[in-house]
Amino acid sequence: MFSTNFLSNDQVNLLAKQYGTPLFVYSREKLTEQAKAMLDMPAPYGVQIYYAMKANPNLEILHVLKELGVGIDASSGYEAEQAIAAGFEPAKIVLTSQQLAHNLAELVKLGVHFNATSLRQLEIYGKSFPGSEASIRINPGIGSGHSVKVNVGGPTSSFGIWHEYIPQVHELLKKYNLTVKRMHTHIGSGSDPQVWQEAARISLELIKNFPDAEIINLGGGFKIARVPEEHGADMSEIGKIISRELTHFAETTGRQLKLELEPGHFMVGNIALLIARIDDITDTGPEGYTFIKLNTGMNDFMRPAMYGSQHPIAVLSDSSEKHDYVVVGHNCESADLLTPAPGDPEVLMPRTLNKAEIDDFVLIGGVGGYSATMSATDYNGFPSAKEVFID
Ligand SMILES: Cc1ncc(COP(=O)(O)O)c(C=O)c1O
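Residues numbered from 1 in each chain as written. Predicted model: local features only at pLDDT ≥ 70, side-chain atom pairs only at ≥ 80, totals over all residues.

## Concerning the nonpolar core
(1) Moving on: Of all hydrophobic cores here, the largest spans 103 residues; its most connected members are Phe24, Ile93, Leu95, Ile136, Leu274, Ile275 and Val362.
(2) Moving on: Residue assignment places this core across two domains, with domain 1 (9-24 + 269-390) and domain 2 (28-268) each supplying three or more.
(3) Moving on: Ignoring any residue separated from it by four or fewer positions in sequence, one finds Phe24 in contact with Ala272, Leu274, Val367, Ala372, Ala385 and Glu387. (Core = buried A, V, L, I, M, F, W, Y, C linked by C-beta atoms within 7 Å. Buried ≥ 20, exposed ≤ 12 C-beta atoms within 10 Å, placed from the backbone. Domains from an automatic or database assignment. Contact = placed C-beta atoms within 7 Å.)

## Describing the site of the ligand
(1) Moving on: In the vicinity of the ligand, 15 residues are found, and the nearest of them are Ala52, Gly220, Glu262, Gly264 and His265.
(2) Moving on: Of the residues belonging to the shell around the ligand, the class tally is 6 nonpolar, 7 polar and 2 charged. (Near = placed C-beta within 6 Å. Nonpolar A, V, L, I, M, F, W, Y, C, P; charged D, E, K, R; others polar.)

## Examining the domain arrangement of the protein
The accessible area lost on association of the parts is a frequent measure of interface size.
(1) Moving on: Domain parsing of the protein yields domain 1 (9-24 + 269-390) and domain 2 (28-268).
(2) Moving on: Of note, the centres of domain 1 and domain 2, computed from C-alpha atoms alone, are 33 Å apart.
(3) Moving on: Counting residues at the interface gives 19 residues for domain 1, matched by 20 residues for domain 2.
(4) Moving on: Of all the elements in the fold, those that place two or more residues in the side of domain 1 that touches domain 2 are helix H11 (303-307) and strand S19 (386-390).
(5) Moving on: Partitioning the side of domain 1 that touches domain 2 into residue classes produces 8 nonpolar, 10 polar and 1 charged. (Helix = DSSP H or I, 4+ residues; strand = E, 2+ residues; numbered from the N terminus.)

## Let's talk about the packing of helix H2 (residues 28-39) against helix H3 (residues 59-67)
(1) Moving on: Packing of H2 against H3 leaves a shortest axis separation of 10 Å and a crossing angle of 45°. The orientation of H2 with respect to H3, classified from their angle, is oblique. Along this stretch, H2 crosses H3, giving a crossing that reads as right-handed. Mapping the contact onto sequence places Arg28, Leu31, Thr32 and Ala35 in H2 and Ile61, Val64 and Leu65 in H3. (Axes fitted to C-alpha atoms, helices over the stretch in contact; angles between N-to-C directions. Parallel < 35°, antiparallel > 145°, perpendicular 65-115°, else oblique. Left-handed = near helix turned anticlockwise from the far one by under 90°.)

Pasting the structure below:
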């Protein structure tokens, strides 16, 4: 069994009986653990954590995090509205959206912090709120996602104001008498503390262009380990490294910057399991593959099909025999593959699993983030998997 599993076989059977499958099961305890690891990270001049709710806007998740003092990173005006409806104070919400929010003026008047991610957004904000405080997202010219699909910095990324356009930012600040109080970068840095040091250094260099800025927001992108080959971010280690950079910055410039972070996947990725049932087992002959077909797939969980992301999978059977299987979803779509090669959704990568029988339950781990909400919902007409929280 894989290390992020938190259910016994009996609990799986009970939950499946009670709610049916496919079923996302979330652990409140795991969520609290992850949130505390973030909240406890060191920062010399204060830190505020905003949960990137696009990772999973499940109401219970939002409520648990709100009680712990976490704010919200909203990716659209709609998400900001959802966060307010869930009870978050508007002042605890930062809105960083690719598409200009339809309700921007209303949200800003309520106290939501608007983070401009393009020159156009900054201009529109300036026109509506001249003489106010502003927040800007800069694309610093580098990124470190594991593929172009998740790279959120550098020339292949449309996110943020390109760093060479800082003079144009200054023209807009002057035109509308705006003061930049927060500078934001998000380059998807992963788990290596050295890469975070680099990200912090680059961002601190950029914030020198905005002498009134009091807050540096380094976004999210703190990796978790879902399978043994992956390394998760150690927040106390990364916190120490970023703190060193902030302290050095304060000593050399006299500016003590408050730190903000926006973890999504780190908070929720490993707090969930997906229970599925084996609907069929087929094969393509002795030279081919044996396929396990589940009663779930890309309509509930499309990260493997989209990114080639690796998730632990276990067949819950009593058999001590093992067999190599390609695990696929139930959609009429060859891309609906749950065991791709790492980072390559095009390549089938069989896994050695317990010998499976039709109707056996299968557990899939690491499905708390960008799963239930970032999927091909309604595809093939399948209803979405239910979601349940356990204590
Ligand atoms: C601005 C911003 N903040 C935070 C996040 C959260 O990233 P992650 O879930 O990798 O922590 C994202 C993700 O794309 C983002 O774009």
